[in-house]
Amino acid sequence: QVQLVESGGGLVQAGGSLRLSCAASGVTGSRYFMGWFRQAPGKEREFVATIGWRGSTYYGDSVKGRSTISRDNAKNTVFLQMNSLKPEDTAVYYCAVGRSLGWGPRDYEYWGQGTQVTVSS
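These notes cover the structure that comes with them. (Residues numbered from 1 in each chain as written. Predicted model: local features only at pLDDT ≥ 70, side-chain atom pairs only at ≥ 80, totals over all residues. Heavy atoms only, no water.)

**Things to note about the side chain of Ser67**
Structurally, the position occupied by Ser67 is in strand E7 (residues 67–72). Residue classification places Ser67 among the buried positions, given a relative accessible area of 8%. Discounting residues that sit within four places of it in the chain, Ser67 has contacts with Tyr59, Leu80, Gln81 and Met82. (Helix = DSSP H or I, 4+ residues; strand = E, 2+ residues; numbered from the N terminus. Buried < 20%, exposed > 50% of the residue type's maximum accessible area, 1.4 Å probe, protein only. Contact = heavy atoms within 4.5 Å.)

Structure representation (structure tokens):
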């Protein structure tokens with residue numbers, strides 16, 4: 001059974017930073033992408049970033065230049081360092097695992113429960 005557990009969300013002032021973590025268990029093999037999505041109230045789930053098993057990274061336009069995704073393959077953990085946070089970054093952030101590169105929610109098979117990020121102005 002695959003489980004993804006996110007942590008690191010919280011309340012931060014605009015301009016601040018947060019580091020999200022997601023630990024995966026039960027995923028067979030190592031060749032998979034680990035991604036982050038976010039969903040604000042009333043909006044669709046939005047691609048944030050993804051990283052391949054060899055370290056290739058891809059970012060959504062909304063966070064490009066302000067965020068860094070990384071992973072520790074030995075610990076099956078993915079991280080998202082977010083800097084220069086803005087109120088519009090407020091959302092529930094979800095970790096996801098998929099076998100192929102993609103930018104849509106349907107490209108990912110497994111999902112975490114989400115962690116709330118709130119950025120105050």
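Structure's up, so let's keep going.
**Considerations on the packing of aromatic side chains**
This structure, assessed with the given rule, holds eight aromatic pairs. Seen in terms of ring centroids, Phe47 and Trp103 are 6.4 Å apart; in terms of plane orientation they differ by 75°. Their pairing is edge-to-face. In this pair, Phe47 sits in strand E5 (residues 46–51) while Trp103 sits in the loop between strand E9 (91–98) and strand E10 (110–111), placing the two residues 56 residues apart along the sequence. Accessibility expressed as a relative area gives 10% for Phe47, which makes it buried. Judged by centre distance (5.9 Å) and plane angle (90°), the rings of Tyr58 and Trp103 are edge-to-face. (Phe/Tyr/Trp six-rings, centres within 6.5 Å; stacked < 30°, edge-to-face > 60°.)

**Let's talk about the sheet that holds strand E3 (residues 18–25)**
Paired through backbone hydrogen bonds, the strands of a sheet run either parallel or antiparallel to each other. The four strands are arranged E1-E3-E8-E7 in an open sheet whose pairing can be described as antiparallel. Bordering the open sheet on either side are strand E1 (3–7) and E7, each of which pairs with just one other strand. The mean angle between the axes of side-by-side strands here comes to 15°, regardless of whether they run parallel or antiparallel. Looking at chain direction, E3 and strand E8 (residues 77–82) are connected through six bridges and run antiparallel. Bridge pairing links Ala23 to Thr77 in E8. (Pairing = 2+ DSSP bridges. Axes fitted to C-alpha atoms, helices over the stretch in contact; angles between N-to-C directions.)

**Notes on the pattern of salt bridges**
Applying the stated rule across the entire model yields four salt bridges. Note that Glu46 is salt-bridged to Arg38, the shortest N-O span being 2.8 Å. For Arg38, a relative accessible area of 6% gives the class buried. For the salt bridge of Asp89 with Arg38, the shortest nitrogen-to-oxygen distance reads 2.8 Å. Here Asp89 is found in the loop between E8 and E9, whereas its partner Arg38 is found in strand E4 (residues 33–39), with 51 residues between them in sequence. Residue Asp89 is classed as buried on the basis of its relative accessible area of 2%. Within the structure, one salt-bridge network assembled from shared partners comprises Arg38, Glu46, Arg66 and Asp89. (Salt bridge = Lys/Arg side-chain N within 4 Å of Asp/Glu carboxyl O.)

**Quick notes on the nonpolar core**
Burial of nonpolar side chains together is a common tendency in soluble globular proteins. Membership of the largest hydrophobic core comes to 26 residues, with the highest contact counts inside it found for Trp36, Val78, Leu80, Met82 and Tyr93. Grouped together as the second largest cluster of nonpolar side chains are five residues, Phe33, Phe37, Phe47 and Ala96 included. (Core = buried A, V, L, I, M, F, W, Y, C linked by side-chain atoms within 4.5 Å.)

**Quick notes on the state of the cysteines**
In protein chemistry, a disulfide is the covalent bond that joins the sulfur atoms of two cysteines. Tallied over the entire structure, the rule returns one disulfide. Cys22 shares a disulfide with Cys95; S-S distance 2.1 Å. On the sign convention where negative is left-handed, the bridge of Cys22 and Cys95, at about -80° about the S-S bond, is left-handed. One end of the pair, Cys22, is in strand E3; the other, Cys95, is in strand E9, and 73 residues separate them in sequence. Here the two residues Cys22 and Cys95 agree in accessibility, since each one is buried. (Disulfide = S-S within 2.5 Å.)

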